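Structure assessment
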Amino acid sequence: MFRRLRASEQEVTIDFEGQPIRAAAGESVAAALLAAGVAEFRLSAVSHAPRAPYCMIGNCFECLVEIDGQPDRQACLVSVADGMRVRRQMGDNAA
């Protein structure tokens, strides 16, 4: 579905809910997850409908995830780091 336009010489590995994902150094968490085929980043607080990135520039808040234990992080605005732990956010806050 999504693919990188160019290969990066440097790669990092992030953990997404126990699965290692290789990512290009410097790319956003959202881009790395989308390139790995992740289609559901969070569940909405009210209806629990699955949500995923929409704008990729930090305006819509659809890409909220938990990063290294901290909920409500916008995946499109956070760059990947080696060893980063990312989890889907379920409802109001990840717990």
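First things first, this report covers the structure right here in the doc. Because the structure is predicted, anything quoted here is derived from the model rather than measured.

1. Regarding the pattern of salt bridges
Evaluation of the coordinates by the stated rule reveals six salt bridges. A salt bridge links arginine 85 to aspartate 68; the shortest N-O distance between them is 3.7 Å. In this pair, arginine 85 is assigned in strand β7 (residues 85-90) and aspartate 68 in the loop between β5 (64-67) and β6 (70-74), connecting sequence segments 17 residues apart.

2. Let's talk about the pairing of β6
The pairing of β5 with β6 spans three bridges and is classified as antiparallel. Note that in β6 the partner of valine 65 across the bridge is arginine 73. Taken together, β5 and the strand that follows it, β6, pair antiparallel across an intervening segment of two residues, in which aspartate 68 is found at a positive phi of about 50°.

3. Topic: the state of the cysteines
Taken as a whole and assessed by the stated rule, the structure comprises zero disulfides. Left without a disulfide partner, cysteine 55 is nearest to the cysteine sulfur of cysteine 60, which lies 3.6 Å away. Since its relative accessible area comes to 24%, cysteine 55 is described here as partly exposed. Cysteine 60 sits in the partly exposed class, given a relative accessible area of 25%.

4. Some words on unusual backbone geometry
The backbone phi angle of histidine 48 is positive, close to 60°, even though this residue is not glycine. Here histidine 48 lies in the loop between β3 (42-43) and β4 (50-51). The exposure class assigned to histidine 48 is partly exposed, which follows from its relative accessible area of 48%. One non-glycine residue, phenylalanine 61, lies in positive phi territory at about 65°. Looking at the secondary structure, you find phenylalanine 61 in the loop between β4 and β5.

Thresholds applied
Residues numbered from 1 in each chain as written. Predicted model: local features only at pLDDT ≥ 70, side-chain atom pairs only at ≥ 80, totals over all residues. Heavy atoms only, no water. Salt bridge = Lys/Arg side-chain N within 4 Å of Asp/Glu carboxyl O. Helix = DSSP H or I, 4+ residues; strand = E, 2+ residues; numbered from the N terminus. Pairing = 2+ DSSP bridges. Disulfide = S-S within 2.5 Å. Buried < 20%, exposed > 50% of the residue type's maximum accessible area, 1.4 Å probe, protein only.

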